[in-house]
Amino acid sequence: MCGIVGYIGPRRAEGVLLDGLRRLEYRGYDSAGVAVLDSGDVAVVKAAGRVQDLADRLSRRPLKGKSGIAHTRWATHGEPNDVNAHPHVDCGSSIALVHNGIIENHGALRRRLEEHGHAFRSETDSEVLVHLIEEYATGDRPFEEALVRALKDAVGTFGIAVMSLKEPEVIYGAKRGSPLVVGLGNRRDEFFIASDPAALLAYTREVIYPDDDEVVRLSVEGVETFSLDRVPQEKSVESISWSLDEIERGRFPHFMLKEIFEQPEVVVNAVRGRLDAENGMAVLGGLRDVEERLRGVERLTVVACGSACLAGAIGEYMLEEYAEIPTEVELASEFRYRKPVLDPRREAVIAVSQSGETADTIGALREAREKGVLTLGVVNAVGSTIARETDAGVFIHAGPEIAVASTKAFLAQVTVMALLAVFLGRQRRMSRVMGGRICREILALPEKIGRILEQNDRIRSVAEKYAHYSSALYLGRKYNAPVALEGALKLKEIAYIHAEGYAAGEMKHGPIALLDSSFPVMAVATRDSVFEKMKSNIEEVRARRAPVLALATEGDEEMYRLADDVIYVPKTLEMLSPILNVIPFQIFAYHAAVARGFDPDKPRNLAKSVTVE
Ligand code: M6R
């Protein structure tokens, strides 16, 4: 949510900053802006809208300086316009600041600062920070001291980059609860700061991750890190494994389609080196240190948001059926505030998150940690807050996911949930034969996913047929009930079609009242243990004249008798069927969005990583 980037070094900052903003645009696209130290001044250029709008403005007013900060905004406080765009400057226009997060006590701070004569320009919470720094940066007081004093006054979350004429060749960064990464240029003569490693990849892979309440000072001489009490901190240099190709669109018109098509490889990467089919085991190095503790776990809670929570819901079915561990899935935003009862001797909490930075999931994780419960992460972003704050975990290795709508990360999360079920199941009563069967079937998934992707054109024509409806009901049972919810989530978030996902058995308890010929139903009706029940539900839908699009198992010709349109998916184990069944729904939503004239990569009002509550 909001992307920030900063640069200092021998290049013209403007180009590096715009490049970084383009790569971060998926974090917010309400407005964009840069501040560059130019001819002894802090020159600020901002524009409502996309990064391209800013680039157009900069082409008329190029900035020559070699250090600067930039921002792409997802609006929280104040509507998206030029004035509310970051960077924000102080009254004297000598300090510029970009911010990701929310300053919760901004109202009180603003009143105090206004009483002291500060004139605010925007409606944002962020602007208080720059005035607060100005308030403290009087006389001979070093800028650094003013900065930490201001940050100590702030309540809430922030990832910031800030520059000042008082220390013109320096950029400061700081964080509390919002992501921040510092990039070290290859020749150590340039340094970068960003809310996401994607902004740095074109320049460096070597990074350091500041912790909460740490400040970083970037100059051409190097990077220093210190606490808010100005105590120097030792940081280790880490390496980003993602490649530049992975964050480029290549031959695809949108990142979302590219990421959907990466999914055979995504499964390969998620399970590489982790399956021992002969012994029916999942080998999860990230759990080695807690292996013994896991043997004693008698209850699991999965906390997550959005698609990650739905991946967790599929995991719940797997973990209960195959590892026989009672499992609950909870929306992180509810879990953290409802005073959950957890027993640290017998329970573990699993946080599932692509970004590893989702504020609600972090909050839930911290709640669990406070109660002394073992915490595990199922995370994509290495170095992220959740990856660092969990006791142990399994990376999903999906590579960078740029499209706001999660596709490949969801698939990798479900795949890792299957690995966890085998790992924990084999610690308990799962037989070697059963473990081996699941492992072999996982290994067969990439080829089967490829068979679904081959139907892209056909799914496009089906999507175009349904794209004009204003509503849709998605139905599935058992393992595929969360798939129905995920299908509906995809359709509403990118095609803006009102869609409901329901466990099919619940349909007759309410939603069936909605159905008529103008309300299509998307049904997961693949051959599994609940197939007959699902068929009955489809009959009930047909009796109300609702158009039906069914997902069916390859070879099931009978389905054409029941449904208006059928998309076939290969057969697999029931527990793994969500991994295949979700893909036609992803492709369907993508083409429905395109048919309706929307950009699937940048759905309105959404941002990739929700770092505010
Ligand atoms: O980064 P996370 O996995 O924690 O994100 C969780 C949700 O915000 C995310 O899955 C969201 O629901 C996606 N837009 C769904 O496509």
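Refer to the structure presented above.
Parameters and conventions
For every chain, the first residue of the written sequence is number 1, and numbering continues from 1 along that sequence. In keeping with the predicted nature of the model, local features appear solely for residues at pLDDT of at least 70, side-chain atom pairs appear and are counted solely at 80 or more, and the whole-chain, interface and lining totals rest on all residues. For the side-chain quantities, the full set of heavy atoms in the structure was used; hydrogens and water were omitted. Where helices are involved, their axes are fitted lines through C-alpha atoms of the stretch in contact, as for all axes, and angles between N-to-C directions lie from 0 to 180°. Counting from the N terminus, the helices are the DSSP runs of H or I reaching at least four residues and the strands are the DSSP runs of E reaching at least two. Each angle is binned into one of four classes, with values under 35 degrees roughly parallel, values over 145 roughly antiparallel, values of 65 to 115 roughly perpendicular, and all other values oblique. We call a crossing left-handed when the near helix sits turned anticlockwise from the far one by less than a right angle, and right-handed when that turn is clockwise. Any two residues whose heavy atoms approach within 4.5 Å at even a single point are treated as in contact. Note on residue classes: Ala, Val, Leu, Ile, Met, Phe, Trp, Tyr, Cys and Pro are nonpolar, Asp, Glu, Lys and Arg are charged, and everything else, Gly too, is polar. Here a residue counts as near a molecule or strand whenever at least one of its heavy atoms sits within 4 Å of it. A 3.5 Å cut-off defines polar contacts: any pair of N or O atoms within that distance qualifies, except that in protein one atom must be a possible hydrogen donor and the other a possible acceptor, and neighbouring residues in sequence count only when both atoms are side-chain atoms. Surface exposure here means Shrake-Rupley accessible area, sampled with a 1.4 Å probe, where a residue is shielded only by the protein chains that are shown. Every definition here rests on a 1 Å grid over the protein atoms only: cavities are sets of points where a 1.4 Å probe fits but cannot get out, pockets are open sets enclosed by protein on both sides within 12 Å along at least five of seven lines, and lining residues have some atom within 4 Å of a point. A molecule is said to be in a cavity or pocket once over half of its atoms fall within 2 Å of that pocket's grid points. Burial here depends on accessible area, computed with a 1.4 Å probe over protein chains only, as a share of the maximum for the residue type. Under 20% is buried, over 50% is exposed, and the range in between is partly exposed. Grid points are joined across faces, edges and corners, and a volume is the space filled by probe spheres set on the points. All domain edges in this entry derive from an automatic or database-based domain assignment.

Novice: Is there a simple way to think about the packing of helix α15 (residues 456-466) against helix α19 (residues 577-595) in this case?
Specialist: For any two helices packed against each other, the geometry comes down to the angle between their axes and how far apart the axes lie. Two elements in contact, α15 and α19, have axes whose closest approach is 8 Å; the angle formed by their N-to-C orientations is 55°. With respect to α19, the axis of α15 lies oblique. Classified by chirality, the crossing of α19 by α15 is right-handed. Residue-level inspection shows N456, I459, R460, V462, A463, E464 and Y466 of α15 in contact with α19, the latter providing P584, I587, F588, H591, A592 and A595. Residues that form the contact of α15 with α19 fall into these classes: nine nonpolar, two polar and two charged.

Novice: Looking at this structure, how should I read the site of the ligand?
Specialist: Around the ligand sit 13 residues, and of these S353, Q354, S355, T358 and E493 come closest. For the ligand, an oxygen atom lies 3.1 Å from a polar atom in the backbone of S307. Burial of the ligand by the protein chains amounts to 90% of its free accessible area of 410 Å². Spatially, the ligand is embedded in the largest pocket. Elements that contribute at least two residues to the shell around the ligand include exactly α9 (306-323) and α16 (481-495). In terms of residues, the shell around the ligand owes the most to one element, α9, which gives three residues. Per-class residue counts for the shell around the ligand are four nonpolar, seven polar and two charged.

Novice: When you look at unusual backbone geometry in this model, what are you seeing that I'm missing?
Specialist: Among all residues save glycine, negative phi is the norm, and among peptide bonds the norm is trans. Cis geometry is found at the peptide bond from H86 to P87, where omega equals 0°. Position of P87 among the secondary structure elements: in the loop between β4 (67-73) and β5 (88-89). One non-glycine residue, Y496, lies in the positive phi region at around 55°. Within the secondary structure, Y496 is located in the loop between α16 and β23 (498-503). Residues other than glycine seldom take positive phi values, yet N605 does so here, at roughly 70°. Looking at where N605 falls in the secondary structure, it is placed in the segment after α19. Look at N605 and you get exposed, because its relative accessible area is 62%.

Novice: Can you help me understand the layout of surface pockets in this one?
Specialist: Take a probe with the size of a water molecule and roll it over the atoms, and the empty space left behind shows itself. By volume, the largest pocket amounts to about 590 Å³. Of all the elements in the fold, those that place two or more residues in the lining of the largest pocket are α9, β19 (347-353), α11 (359-370) and α16. For the lining of the largest pocket, the residue count by class is ten nonpolar, eleven polar and five charged. Looking at which domains feed residues into the lining of the largest pocket, each of domain 2 (251-443) and domain 3 (453-601) gives three or more. The wall of the second largest pocket is formed by 29 residues, among which D196, P197, W242, A381 and V382 lie closest to the centre. Put simply, the parts of the chain that give the lining of the second largest pocket at least two residues each are β14 (238-239) and α12 (385-389). In terms of residue class, the lining of the second largest pocket is made up of twelve nonpolar, nine polar and eight charged.

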